[in-house]
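Here's the letter readout for the chains.
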Amino acid sequence: MSRYHEVYNHWKQDPEGFWAEAAKDIDWSKPADQIYAQVDGLDRWFVGAECNTCYNCVDRHVEAGRGDQAAIIYDSPITDTKRTYTYDQLRDEVATLGALLIDLGVKKGDRVIIYMPMVPEAVGGALACARIGAVHSVVFGGFAPKELATRIDDSKPKVILSASCGIEPGRVIAYKPLLDEAIEIASAKPTATMILQRDEVTAELIEGRDHDWKAAMGEARRAGKSAACLDVAATDPLYILYTSGTTGQPKGVVRDNGGHMVALKWTMHNFYGVEPGEVYWAASDVGWVVGHSYIVYAPLLHGSTTVVFEGKPVGTPDPGTFWRIISEHRVVSLFTAPTAFRAIRKEDPNGEHIAKHDISCLRTLFLAGERADPDTIHWAEAQLKIPVIDHWWQTETGWTIAGNPIGLGMLPVKYGSPAVPMPGYDMRVLDESGNEVERGQLGAICVKLPLPPGCLPTLWQNDKRFRETYLSTFPGHYETADAGYMDEDGYLYIMARTDDIINVAGHRLSTGGMEEVLAGHNDVAECAVVGIADQLKGQIPVGFVVFKSGVEREAGEVEKECVLLVREKIGAVAALRIVMNVPRLPKTRSGKILRGTIRKIADGEEWTMPATIDDPAILDEITDALSDRGLVSSR
Ligand code: COA
Ligand code: AMP
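Only a predicted model underlies this, so the values are computations on that prediction, with no experimental measurement involved. (Residues numbered from 1 in each chain as written. Chains lettered and ligands numbered in written order. Predicted model: local features only at pLDDT ≥ 70, side-chain atom pairs only at ≥ 80, totals over all residues. Heavy atoms only, no water.)

(A) Region of the structure containing the site of ligand 1. By nearness alone, 22 residues border ligand 1, and Glu168, Arg171, Pro313, Arg567 and Arg577 come closest of all. Note that a nitrogen atom of ligand 1 is positioned 3.4 Å from one of the backbone N or O atoms of Gly142. Here Arg567 contributes a side-chain N or O atom positioned 2.8 Å from an oxygen atom of ligand 1. For ligand 1, the protein covers 84% of the area, taking 940 Å² as the surface of the free molecule. Secondary-structure elements contributing two or more residues to the shell around ligand 1 are strand S10 (171-174) and helix H12 (338-347). (Near = heavy atom within 4 Å. Polar contact = N/O pair within 3.5 Å; in protein donor to acceptor, adjacent residues only side chain to side chain. Areas by Shrake-Rupley, 256 points an atom, 1.4 Å probe, with all protein chains shown as cover. Helix = DSSP H or I, 4+ residues; strand = E, 2+ residues; numbered from the N terminus.)

Encoded structure:
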């Protein structure tokens, strides 16, 4: 019997009592005056409380006798390296790094950007910031200098932590030239950088600005430097994580200290069913929210062991990597994006690599980041013979909105649904006028305010954009920008985004941002980027460009330049590989490009001719262009 309904109802009857109870699992230096309050018109949790997130993730476990337990297992098949850090060692690392940051002038509330590959130092960097009350902002390594520069300008970091390189299959990416270029473009200049020199590339350091990470750590250790955990307000920001919005200007999602700890700690046992001392692995990247919440913070808050994996589900060296890691490190819970499983399945459809490893320790597979297609879930269930749990959340929420809570007792699975709302989330499915639709009817999925602890209180230094983006369409509600429905049993079905965000290999990208780049090409008059279905990555972006009149260059050449331009301005992670020249774009009479119709044509979905279309013949031209490239799915 699942305790879910009892627990959810308990929360509904007494939300503050529920979170006050959950807060007992966190060590506070000063308890909250108010569990929930509105401060300056924003919803805040644990107002008046003081705490330190690094203390709760590291020091308190050492004090409680977990010093010799592994805190981080670093497994990097791509560099053939494995390393373990105990909680004792992690405390020493972060205390030293914290002291170094202080030496570099970082004070409470200052920002520090972390632009790093998947190495344990990236986790240490985040914790060191938390330790001294600094606010970190991790930028995913696959982003280009311009994207990094945008984040530098918005967050104005005092220091940037980076590495000499990241490693992708078949290529080493030197980070330092990218970092230098970003600092060059940005108007806000950091005063210092710390560069982790890796064996594959030695970065050239700029005298007076760049510091060699390992050398500086060595010196600091010899000098006995160590930073203590600084108390901050529960409502102070812990980090800023930029995520795609509807324009090229990313949104700086703010996470606080107190509510974040309470919510994440609650999920580890109650949702994921994991206990302190067990090994938990989120195969994601610290640059994404899944990495923040479930590589860095939640497992460590819980006293579990977290795995830092530098590799890919396939090709490093084969589709058996996940199973090797699970078996070797006795992982009890794996969390990844469905795309990783689609990649593994493609290369190992019969699970021959799975059979080579003893993965009897693995109890549950969790999937999130994009819609989990039932086919992939069925395959994973058949191969692993354990529960496969889809759960739905967003960078903004930081933890599960809806899922099947293994820890509280698993509910029946309904394929295609990530199951039920977690305590804290009062879900409403609304029509355009903001009225609740009947169960089973499609609508905009919203959360009745307030959002629970752990969710974003605002956007970095932009309360106005926060309110406009999330709270203005449906007053009294947070708009998730996902459309879907709720069935009679309260299960949610997440069907599509209502904005221009697409999900490529579990990575959240803005088609609007790509359009801004394409529109910047000299020969492009207008353009549209549409996310179309892809068997491996879930979705891929496809660009349509109309040339300026008088352009007589070969179309293929301009298309290639467009692909390169997006790679250069946004980064390889945008994964825009197809750009096609079309004579015209389909529009409504008021000039709105019919992106949704293009997507339906490509995905082989039923579509009707929009009544307001300017010229129906244009859709035939688009269909032909897609067919010529083999991009029309047959359903
Ligand atoms: N630094 C630099 N470049 C990166 C990068 C990083 N951290 N991560 C990805 N890239 C590059 C890739 O090398 C690729 O470059 P290419 O165009 O030269 O081949 C490009 O960005 C697109 O990457 P991706 O969309 O991930 O495609 P892929 O073919 O390299 O890998 C998967 C496909 C499915 C194996 C991969 O996306 C994956 O492992 N996904 C797991 C899910 C995941 O991590 N989700 C995150 C949220 S939970
Ligand atoms: P991100 O902020 O990168 O985590 O992306 C959040 C978005 O990814 C959500 O708004 C959804 O559109 C999508 N998403 C994440 N998890 C799921 C899921 N389990 N099912 C369907 N869509 C999901």
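(B) Here's a closer look at the sheet that holds strand S19 (residues 364-367). Reading across the sheet, the seven strands line up as S5-S4-S17-S16-S18-S19-S20 and stay open at both edges, with mixed pairing between neighbours. Looking at strand neighbours, the two that pair on one side only are strand S5 (81-86) and strand S20 (388-390), the edges of this open sheet. Pairs of neighbouring strands in the sheet enclose a mean axial angle of 20 degrees, with direction left out of account. Together, strand S4 (70-76) and S5 form the strand contacts of helix H4 (residues 87-103), whose direction differs from that of S5 by roughly 90 degrees. Docked against the sheet, helix H5 (residues 120-132) engages S4, S5 and strand S17 (305-309), running at close to 30 degrees with respect to S5. (Pairing = 2+ DSSP bridges. Axes fitted to C-alpha atoms, helices over the stretch in contact; angles between N-to-C directions. Contact = heavy atoms within 4.5 Å.)

(C) Representation of the pairing of S5 within the structure. Sheet analysis places S4 next to S5, joined by six bridges and oriented antiparallel. Among the inter-strand pairings, Ile72 is bridged to a residue of S5, identified as Tyr85.

(D) Structural context of the pattern of salt bridges. This structure, assessed with the given rule, holds 45 salt bridges. Here Lys251 makes a salt bridge to Glu396, at a shortest N to O gap of 3.8 Å. Taken as a pair, Lys251 in strand S15 (residues 251-256) and Glu396 in the loop between S20 and strand S21 (402-403) lie far apart in primary sequence, 145 residues in all. Of the two residues examined, Lys251 and Glu396, each falls in the buried class. Residue Arg363 is joined to Glu278 by a salt bridge in which the shortest nitrogen-to-oxygen separation is 2.7 Å. Taken as a pair, Arg363 in the loop between helix H13 (352-355) and S19 and Glu278 in the loop between helix H9 (258-270) and strand S16 (279-282) lie far apart in primary sequence, 85 residues in all. What emerges from the salt-bridge pattern is a single network uniting Lys12, Asp426, Arg428 and Glu436. (Salt bridge = Lys/Arg side-chain N within 4 Å of Asp/Glu carboxyl O. Buried < 20%, exposed > 50% of the residue type's maximum accessible area, 1.4 Å probe, protein only.)

(E) Summary view of helix H6 (residues 145-155). Counting buried residues along H6, eight of its eleven residues qualify, which places the element largely inside the surrounding structure. All of the buried residues along H6 are Pro145, Glu147, Leu148, Ala149, Thr150, Arg151, Ile152 and Ser155. Of the surrounding secondary structure, the elements contacted by the buried residues of H6 are strand S6 (111-115), strand S8 (159-163), helix H7 (175-185), strand S14 (237-243) and helix H17 (555-569). Once H6 ends, the next one or two residues include Lys156, with phi positive near 45 degrees.

(F) Structural detail: the packing of aromatic side chains. Tallied over the full model, the rule gives 34 aromatic pairs. Arranged with centres 6.1 Å apart and planes meeting at 70 degrees, the rings of Phe143 and Trp288 form a pair that is edge-to-face. In this pair, Phe143 is assigned in the loop between strand S7 (135-138) and H6 and Trp288 in the loop between S16 and helix H10 (289-301), connecting sequence segments 145 residues apart. Exposure class is identical for Phe143 and Trp288. Each is buried. In textbook terms, an aromatic cluster arises when at least three aromatic residues are bridged by ring pairs, as seen for Phe271, Tyr272, Tyr280, Tyr294, Phe335, Phe366 and Trp393. Against the face of Phe143 rests Arg151, its NZ or CZ located 4.6 Å from the ring centre. Note that Lys414 overlies the ring of Tyr491, its terminal NZ or CZ placed 4.6 Å from the centroid. (Phe/Tyr/Trp six-rings, centres within 6.5 Å; stacked < 30°, edge-to-face > 60°. Lys NZ or Arg CZ within 6 Å of the ring centre and 35° of its normal.)

(G) View of the sheet that holds strand S24 (residues 443-448). Strand order across the open sheet formed by four strands is S23-S24-S25-S26, with antiparallel pairing between neighbours. At either margin of the open sheet sits one strand with a lone partner, and together these are strand S23 (427-430) and strand S26 (492-497). Ignoring strand direction, the axes of neighbouring strands in this sheet form an average angle of 50 degrees. Two elements, S24 and strand S25 (residues 477-486), share five bridges in a ladder whose sense is antiparallel. Residue pairing in the sheet places Gly443 in a bridge with Gly484 of S25.

(H) Focus on the domain arrangement of the protein. Each assigned domain of the protein is listed with its residue range as follows: domain 1 (4-311 + 391-484) and domain 2 (505-628). A C-alpha centroid distance of 34 Å is found between domain 1 and domain 2. Contact residues are listed per partner, giving 19 residues for domain 1 and 14 residues for domain 2. Taken together, both faces of the contact between domain 1 and domain 2 bury some 1,100 Å²; the carbon and sulfur share is 49%. Its salt-bridge partner being Arg508, residue Glu396 comes within 2.9 Å of it at the nearest N-O pair. Seen at the junction of domain 1 and domain 2, the total is four residue pairs in polar contact (both at pLDDT 80 or more). Of the residues forming the side of domain 1 that touches domain 2, the biggest block, three residues, is contributed by H6. A per-class count over the side of domain 1 that touches domain 2 returns five nonpolar, nine polar and five charged. (Domains from an automatic or database assignment. Buried area = accessible area lost by both parts, 1.4 Å probe. Nonpolar A, V, L, I, M, F, W, Y, C, P; charged D, E, K, R; others polar.)

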